[in-house]
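Observations on the model geometry
Chain by chain, the residues run as shown.
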Amino acid sequence: VLFRSHASRHDLISALHDFLLSLMPIGGSAVLIIDEAQHLAPDVLEQIRVISNLETSQAKLLQIVLVGQLNLLDVLATAAMRPLDQRISSLATLRPLSVDEVAAYVSHRLDVARGTTPVSFANSAIEQLHAYSQGVPRVINLICDRALTRAAARHADRITAELVDEAARELRLTATAEAA
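The residue numbers shown here count from 1 along each chain, following its written sequence. For a predicted model such as this one, the threshold for reporting local features is a pLDDT of at least 70, and the threshold for listing and counting side-chain atom pairs is 80 or more; totals across whole chains, interfaces and linings nevertheless cover every residue. Derived side-chain values reflect all non-hydrogen atoms in the structure, with water molecules and hydrogen atoms excluded from consideration.

1. Things to note about the environment of V50
Mapped onto the fold, V50 is located in helix α2 (residues 42-51). Using a relative accessible area of 24% as the deciding quantity, one classes V50 as partly exposed. Taking the C-alpha atoms as reference points, V50 and I13, 37 residues apart in sequence, are found 8.7 Å from one another. Here a helix means four or more residues in a row that DSSP labels H or I, a strand means two or more in a row labelled E, and each is numbered from the N terminus. Think of it in three bands: with a 1.4 Å probe and only protein chains considered, a residue is buried below 20% of the maximum accessible area for its type, exposed above 50%, and partly exposed in between.

2. Focus on the pairing of strand β1 (residues 30-34)
Examined bridge by bridge, β1 and strand β2 (residues 62-66) share five bridges and lie parallel to one another. Paired with V31 across the strands is Q63, a residue of β2. Pairing between strands requires that DSSP locate at least two bridges from one strand to the other.

3. Some remarks on helix α6 (residues 123-133)
Count 3.6 residues to each turn of an α-helix, and residues three or four apart come out pointing the same way. Of all eleven residues that make up α6, eight are buried, and the element is covered over most of its length. Within the span of α6, buried status applies to A125, I126, Q128, L129, H130, A131, Y132 and S133. Pairs of residues are marked as contacts when any of their non-hydrogen atoms sit within 4.5 Å. Each element contacted by the buried residues of α6 is listed here: α5 (99-113), β3 (120-121), α7 (137-153), β4 (158-159) and α8 (161-170). Positioned one or two residues after α6, Q134 has a phi angle of 55°, which is positive.

As structure tokens, then:
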């Protein structure tokens, strides 16, 4: 199916519906995953609601996964988004990681990366990492990336609290009271 810029929304949704129906005989399924969903405009969220209605009498044709920051819940709680919010069948939220969980997370990431030179984080670096990141994995990754880059430039194989502080300053982050 070729889409032209003048295709209507109805035409596009019909084409999507036909495609999703074509998956059924071969046992296929489709999942739409949208990251950073908290940034979507209300009219885009409305279109997501519309395509969430694509189904047969036996099954939904499309599973939709919205991934976003906590303020996505605020967006979905508005009166305008109530019809979409009512279609959510499963909701999960991640809480910030504790200091021990940050240590385990960093250790796991280092194990997965398995470079030729073993790298480790000092306990004080983990504590600083937690204080700056507030336990948010995305921020942990940013800080670790900067700290590891700084350590590599210095030919260091141990990440110290000072390297974490430098990385956090570069990212313009401030530590929570726990770091004091």
